[in-house]
Amino acid sequence: MPDKNYPSFFADCIMSNEEALKRAVVSGSTVASGFATSEPHSFYAGLWDHIVREDIVQLDVRQALFMAPHRLCLGSALDSRGIMKEVAERWADVPVLGAFSRKVNMTSRKLEGLKRLINHYEELKRRRITFTSPFIGAATNAIIPNNAITRSLYPDYVGRNTTRTGITRMQSIHFPDAVDSMGFDPDNNPIVNTFVLPMTTPNENGDMSHGLANGANGEILEKALRLKTLNILIYMNPNYPFTTGYKDASNTVNVQDFEELARAGRLFIVEDEGKLAGLPAGALGSPSSAEVTIAQNVVNHIEQNLHFTKGRAIQVGFGGTGVLAIKGLKESSWTGRCYTEMLEPFTLDLWESGKIAGTHFIEKDGTRTQLDGKLCCTFTICEDGSDFYKKLHNNPNVIVAAASRVVIPEGFHHGMGINNCLGIDFHGHINAGGRDKNHFSGVGGGATIARGLSKGGIAYFCMKSTHTTPEGKVRSSIFPFLPLGTPISYIGPDLMGGRDGARFFLVTEHGVTRMSGMDQHSFIKGLISVADPQFRDELRYQAYKEFRVHM
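1. Section: helix H21 (residues 533–547)
Under the 1.5 Å per step criterion, the end-to-end length of H21 is 21 Å for 15 residues, consistent within 8% with the ideal 21 Å. The complete set of buried residues in H21 reads Phe535, Arg536, Leu539, Gln542, Ala543 and Phe547. Structurally, H21 contributes buried residues whose contacts are with strand E25 (466–468), strand E26 (474–476), strand E27 (478–479) and helix H20 (520–529). If you check the start of H21, you find a side-chain oxygen 3.0 Å away from the backbone N of Gln534, and it comes from Asp532. Looking at the residues trailing H21, positive phi occurs at Arg548, about 55°.

2. Notes on unusual backbone geometry
A positive phi angle, close to 55°, is found at Asn394, a residue other than glycine. Position of Asn394 among the secondary structure elements: in the loop between helix H15 (388–392) and strand E18 (398–400). Positive phi, normally seen in glycine, also occurs at Arg548, with a value near 55°. Looking at where Arg548 falls in the secondary structure, it is placed in the segment after H21.

3. Observations concerning the sheet that holds E27
Spatial ordering of the open sheet is given by E21-E20-E27, a layout of three strands whose pairing is mixed. Looking at which strands have only one partner, the edges of the open sheet turn out to be strand E21 (430–431) and E27.

4. Digging into the packing of helix H2 (residues 17–24) against helix H3 (residues 41–53)
Running from amino to carboxyl end, H2 crosses H3 at an angle of 65°, the nearest separation of the two axes being 10 Å. In this view, H2 runs roughly perpendicular relative to H3, as classed from their interaxial angle. In this structure, H2 meets H3 at a crossing whose hand is right-handed. Contacts between H2 and H3 involve Asn17, Glu18, Leu21 and Lys22 from the first element and Ser42, Phe43, Gly46, Leu47, His50 and Arg53 from the second. The class makeup of the residues in the contact of H2 with H3 is three nonpolar, four polar and three charged.

Conventions adopted
- Residues numbered from 1 in each chain as written.
- Predicted model: local features only at pLDDT ≥ 70, side-chain atom pairs only at ≥ 80, totals over all residues.
- Heavy atoms only, no water.
- Helix = DSSP H or I, 4+ residues; strand = E, 2+ residues; numbered from the N terminus.
- Expected span 1.5 Å × (residues − 1).
- Buried < 20%, exposed > 50% of the residue type's maximum accessible area, 1.4 Å probe, protein only.
- Contact = heavy atoms within 4.5 Å.
- Polar contact = N/O pair within 3.5 Å; in protein donor to acceptor, adjacent residues only side chain to side chain.
- Pairing = 2+ DSSP bridges.
- Axes fitted to C-alpha atoms, helices over the stretch in contact; angles between N-to-C directions.
- Parallel < 35°, antiparallel > 145°, perpendicular 65-115°, else oblique.
- Left-handed = near helix turned anticlockwise from the far one by under 90°.
- Nonpolar A, V, L, I, M, F, W, Y, C, P; charged D, E, K, R; others polar.

Given below as structure tokens:
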């Protein structure tokens, strides 16, 4: 329907963004949106101003991974200029004074920004505004540093991020379980008032697509249309790529399907031309030296073991190191297939270059259908400014389907996954979504994928061997025991077991070690072999002290 010849019931639901916010976001309500690039950017870009303008209180926002530094999350913290900005600019070419003024300005800018951030957190708490989320990112996971100044000024916040300040309420769930866990109770009653989602404009057949991502959006919308007990707010964007699903795992909805919801007064539509959710430009182009080395170690291991890596359906998880490895595979001898939760430009590039022959899909009866020449995922992502999303538009070879149909163990049997993690201990417990007591991201689909790969698959867990604590201390990412309170994403049996020839590996910048099929003593020795050299003696000591492991 390029000419906007919409049915009257549909056209009558179109309104301004301001009017939609007034109807959908009111005091005492719960609003929700989807994961990552399912984010309705324009909705969140204007939400804080609406909250202040309408004096909204007691609001719960349910979503997974804010994709931009929205004022809802950070207030005016990023507007900080520093007390010596003009001076620093004026003295920029004066060696000593220029450097000194820049340093002072940066320090004051950080302090000013921190003050603004804490003030915003206090305002969120005063208004009783909370975020409920199974997965978080940079907009809400920043830990308030622990130093003399912060301990003096903000003692209640030191060493904490929003997950431990009463602002973000983590709901640790597996990606495919999101709909029933966060949107509806066991009796199918909605536990949110309004679900917000971006979609394409209707095409000539009246079909609207979920575009960049399906995730949980398709399933929630399907329930809302059937039950008519939930408000739906759609940001209809003509710039969204039109993508399709597979058979009964649809990624589209016909405009006629909205009629009953519209007549029930539960459909709100905003014609939107806001930005498409994505990573900041350059996010994947400036990796650390450790990330580059880890990715190369993965590529080298795949190349050196083609007798068991070649031909498998590859998967890559959220995070830069795994994506770097995918990029590196283009110059390798590896060829295979792809079945993945996330589709990004480098996997598409492998497919376009002929290294990926196709994908598969799991039918509802559990059978696997091979699909040559196609790719399958539940969400897509790229950097701002990339032409990747344009390549997805009306591309019949890219399948985007619900997480509950894609991120299931059966889909990853005998596959090959490359995922990221933050820490591991001698019991085989891995934290991929938090450090110490703070959540950092979430488990997403990782654990579900690992359970699938444990049947004949290959898994690479990419991890930097060290990290820096909020106090500024460099620490090993390999522990005898994970620190007290650390969120656990995988447990020992997920790593040390496996069947049908499964192989699980830990990859750091210091090498690759196999974890599957190992007793605990062999497992511990393998971990220490890829630990940072400066911590190996202490880890050997702890290995003997705690488990009598002789090195």
